[in-house]
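So the chains spell out like this:
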Amino acid sequence: QLQLVESGGELVQAGDSLRLSCAASGPTFSAYNMAWFRQAPGKEREFVATVMSSGGTTYYADSVKGRFTVSRDNAKSTVYLQMNNLKPEDTAVYFCAAGFSARTLTRQYEYNYWGQGTQVTVSS
């Protein structure tokens with residue numbers, strides 16, 4: 001049982017950087033794989049990035065590769081998403097998710113716990 005709370009979303013300009021945080025409350029945080037998804041207005045929720053429980057394996061959607069970095073601090077039970085060179089198409093509500101599945105790590109159904117989301121808006 002985990003509770004996840006995202007924070008850090010705000011209005012920024014294209015080219016700016018922003019760091020999102022996901023604070024988890026509950027036991028065994030270090031055992032979960034963590035992921036970020038996002039959903040733009042009128043669009044389906046899409047995978048953004050994931051970091052496995054070990055912290056040593058990460059991967060990203062092609063749309064954010066090279067610009068975003070996901071990391072975790074198990075001592076603080078927190079996952080981060082560092083977003084650099086933001087683009088207007090990055091505008092979305094960003095969700096943090098936790099789960100045990102290690103099959104693809106990119107599907108919504110593989111995650112059991114979800115935060116409420118934080119809004120990121122990038123103006124051109």
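Residues numbered from 1 in each chain as written. Predicted model: local features only at pLDDT ≥ 70, side-chain atom pairs only at ≥ 80, totals over all residues. Heavy atoms only, no water.

Asks: Explain the state of the cysteines residue by residue, including any values.
Replies: Scanning all chains against the criterion turns up one disulfide. The partner cysteine of C22 in its disulfide is C96, sulfur to sulfur 2.1 Å. A torsion of -80 degrees about the S-S bond marks the disulfide between C22 and C96 as left-handed. Remark: C96 occurs in strand β9 (residues 92-99) and C22 occurs in strand β3 (residues 18-25); sequence separation between them is 74 residues. Comparing C22 with C96 shows no difference in burial state: the two are buried. (Disulfide = S-S within 2.5 Å. Helix = DSSP H or I, 4+ residues; strand = E, 2+ residues; numbered from the N terminus. Buried < 20%, exposed > 50% of the residue type's maximum accessible area, 1.4 Å probe, protein only.)

Asks: Before we move on, could you go through the side chain of R72 and cite the residues and values that matter?
Replies: Structurally, the position occupied by R72 is in strand β7 (residues 68-73). Among buried Asp, Glu, Lys and Arg side chains, R72 stands out as unpaired, with D73 the closest opposite charge at 8.4 Å. Reaching out from R72, the side chain makes a polar contact with the backbone oxygen of F29 at a distance of 3.0 Å. A polar contact of 2.7 Å, which involves the side chain of R72, links it to the backbone oxygen of Y32. Aside from chain neighbours lying at most four places away, what touches R72 is F29, S30, Y32, N33, M34, V51, M52, S53, G55, T78 and V79. (Lys, Arg positive; Asp, Glu negative; His and termini not counted. Salt bridge = Lys/Arg side-chain N within 4 Å of Asp/Glu carboxyl O. Polar contact = N/O pair within 3.5 Å; in protein donor to acceptor, adjacent residues only side chain to side chain. Contact = heavy atoms within 4.5 Å.)

Asks: Just give me the short version of the pairing of strand β5 (residues 46-51), but keep the residues and values in it.
Replies: Strand residues, when the strand is regular, have side chains that alternate between the two faces of the sheet. Extensive coverage of β5 is indicated by the burial of five of its six residues. Pairing of strand β4 (residues 33-39) with β5, which is carried by five bridges, proceeds in the antiparallel orientation. Bridge pairing in β5 places F37 opposite F47. The turn linking β4 back onto β5 is made up of six residues, and G42 within it adopts a positive phi angle of 75 degrees. Bridge count for β5 against strand β6 (residues 58-60) is three bridges, and the pairing is antiparallel. Residue pairing in the sheet places A49 in a bridge with Y60 of β6. Here β5 hands over to β6 after six residues, with G55 in that stretch at a positive phi of 80 degrees. (Pairing = 2+ DSSP bridges.)

Everything listed here is a matter of geometry and, on its own, says nothing about what the molecule does.
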